[in-house]
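What follows is the residue order along each chain.
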Amino acid sequence: MSTTTGTSTIVLRGRKVVGGIAEGEALVTTERISGWGGIDPRTGSVIETRHPLRGVSFAGKVLVFPGAKGSSGWSNQFHMTRLMGTAPAALLFNEMTTKIALGAVVTRAPALTGFDQDPLQVIRTGDWVRVDAERGIVEVTRRSTDE
Amino acid sequence: MRLNDDEKAMLDGRDGAAVSKAMDLLVRYGDALGAERLVDTRNVCGTVSASTPFMRDFALQKGGMDAVFSEFNLDSDTVVEVPPVKVYSTHLQLGFDPNEAQRMGIAEEVVQFYRKGEAFTAGRGVQLGNTCTPYQVGNVPTRGEHCAWMESSAVVYCNSVLGGRINTEGRESTGAAMLTGKIPYWGYHLDENRRGTHLVELDIDLESTFEWGLLGYWMGELVQERVPVVVARGGRFLKAPNLQRLKHFGAAASSSGGVEMYHLVGVTPEAPTVEEALGGNRPVQRLRFGEAERRATWDKLNSTARDHEVDYVMLGCPHYSIEQIWEACQLLQGRKVHENSSLWIFTPRAIKALADQNGYTRIIEDAGGHLMSDTCSAMSRAMPQGTKVAALDSAKHAHYLPAIMGVQAWFGTTADCIDAACTGRWNGRLA
């Protein structure tokens, strides 16, 4: 396979959780994310001790993750990221819970779930992702330095 | 989301701007979940306080407690005047203990501001329980009661132990529920989602809060947000675990994972038998918990700990029961907290009053420890000055405190922790 000519686009379809359109670089994790005690809204980064994204910032990124876990402070912590300017650009996730639904609503970032393909398999960190939550469409453009 | 006429009228402003904003949030939230409708609730536990520096500054700049409630409890862009709550509402834990502000390093002006906020909260009819364990201080839902609570450890207790119907709500949804008496009818409010999905078989008997914490932490990581059905060794629990054991168990399972409901066969109300707990589901996984799993979980929970000099022992996550305070007093009797260490114990304010009455507060203070209320070190980010190594008897706290405060944490039994406080050294090991 040629790796020199950059860009192929993959399209995923999902269900709207929060409307809107956004794009950005993907940040993908196969681990669920805690809100309170799991992120620091001041920096928009993950702080959970054994989390693979520990120390990594999701600010302005399209965050691709299985779902939420942990404290009921989830929504409040992501609410804070919006007020502190460190919110993700969009949220793409697989598992619907009250934590993540409310968190997505108050973060007001476009959000989708219930995809026709598993975003954790398809999207890689660094890909460019355009999210049209109104139409339920995610366009993924591979980073040109792909393997 | 389908709204009934009453709900539509609330949305359209019949009951004022704040109720309209509350209904607007519930509709957005319900749509996000994919819920079809709302359900009535008469039991809400949430937080409306502004006890962190960020919240206080927000209040000072944007228009006081109405502004805080509008933004953080209703997700409203405009500041609305907050009316009295419509249904029974209890306040959860806070960012500090206002009666121990100095010890916690909280400035006097922050306390002054908090006192005003407290008056606002009480004035709107919210009960100042100020605890993560409302079920310890009088808010005890009945089986089948639809509730809207925050606090994952309380939610899992309500669903599993009490048989209440509840999802893990957040600050915004509980704020909206306080003003409307409504919450999305989704998740654990419905029968079909309360049935077990995973089978967990125990190869060992569990006695203490410590052992139940280990099981909960191990189980939560494996089942995440699903519904485990726990079967005792030999099929039957020889001793039913009491309130504090299940408090620690659920808290641990909702920290390492997102467990909001579990069944203990023969113990919890919706699990008289394995079959009834599963409700016709075929378990997606069968898990076994024995000596190897117990040991690996202990290692995981102690993974941040290196140094054996313990600066700080914190007990009371979730807030200690009066029985746990009594036990701590027995362990402390005749001993003194080491000069290089500190002991802080956290409990609901109402239980602190009982501890005062029983003479327990005095015993703890005479030994050099402190019995405090309303908060904990993870919520308040307050620890004795210079703390680098903490010792904890809560798996939940061992999960969170190192992440939030950057300290090392030892996890052990209550006796290990009291011993560490009195010797200044960690000698706990897995028996």
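Treat the numbers as computed from the prediction; the structure is a model and nothing was measured.

What counts, and where the lines are drawn
- Residues numbered from 1 in each chain as written.
- Chains lettered and ligands numbered in written order.
- Predicted model: local features only at pLDDT ≥ 70, side-chain atom pairs only at ≥ 80, totals over all residues.
- Heavy atoms only, no water.
- Contact = heavy atoms within 4.5 Å.
- Buried area = accessible area lost by both parts, 1.4 Å probe.
- Salt bridge = Lys/Arg side-chain N within 4 Å of Asp/Glu carboxyl O.
- Polar contact = N/O pair within 3.5 Å; in protein donor to acceptor, adjacent residues only side chain to side chain.
- Core = buried A, V, L, I, M, F, W, Y, C linked by side-chain atoms within 4.5 Å.
- Buried < 20%, exposed > 50% of the residue type's maximum accessible area, 1.4 Å probe, protein only.
- Helix = DSSP H or I, 4+ residues; strand = E, 2+ residues; numbered from the N terminus.
- Domains from an automatic or database assignment.

As a further point, take the interface of chain B and chain A. In many reports, interface size means the accessible area that the parts give up when they come together. Counting from both sides, the interface comprises 46 residues of chain B and, opposite them, 32 residues of chain A. When chain B packs against chain A, close to 3,200 Å² is buried across both sides, 57% of that on carbon and sulfur atoms. Counting across the chain B and chain A interface gives six salt bridges. Put simply, chain B and chain A have 17 residue pairs in polar contact (both at pLDDT 80 or more) between them.

In terms of nonpolar packing, the biggest core is built from 69 residues, with B:Trp149, B:Leu215, B:Val230 and B:Phe249 touching the most fellow members. Sort the elements by how many residues they give to this core and helix α8 (residues 209-223) of chain B lands first, with eight residues. Not counting chain neighbours up to four residues away, the residues in contact with B:Val230 comprise B:Val200, B:Leu202, B:Leu215, B:Met219, B:Phe237, B:Phe249, B:His263, B:Leu264 and B:Val265. Counting residues in hydrophobic clusters, the runner-up holds 64 residues, among them A:Met96, A:Ala101, B:Val19 and B:Leu179.

Attention shifts here to the domain arrangement of chain B. Residue and element names in this part refer to chain B. The domain boundaries assigned to chain B delineate domain 1 (5-191), domain 2 (195-300) and domain 3 (304-423). Taken over C-alpha atoms, the centre of domain 2 sits 26 Å from the centre of domain 3. Across the boundary between the two partners, domain 2 contributes 14 residues, which contact 18 residues of domain 3. Counting the surface lost from both domain 2 and domain 3, the interface buries some 1,300 Å², and carbon and sulfur atoms represent 55% of this. Linking domain 2 to domain 3 there are zero salt bridges. For the pair domain 2 and domain 3, the number of links is eight residue pairs in polar contact (both at pLDDT 80 or more).

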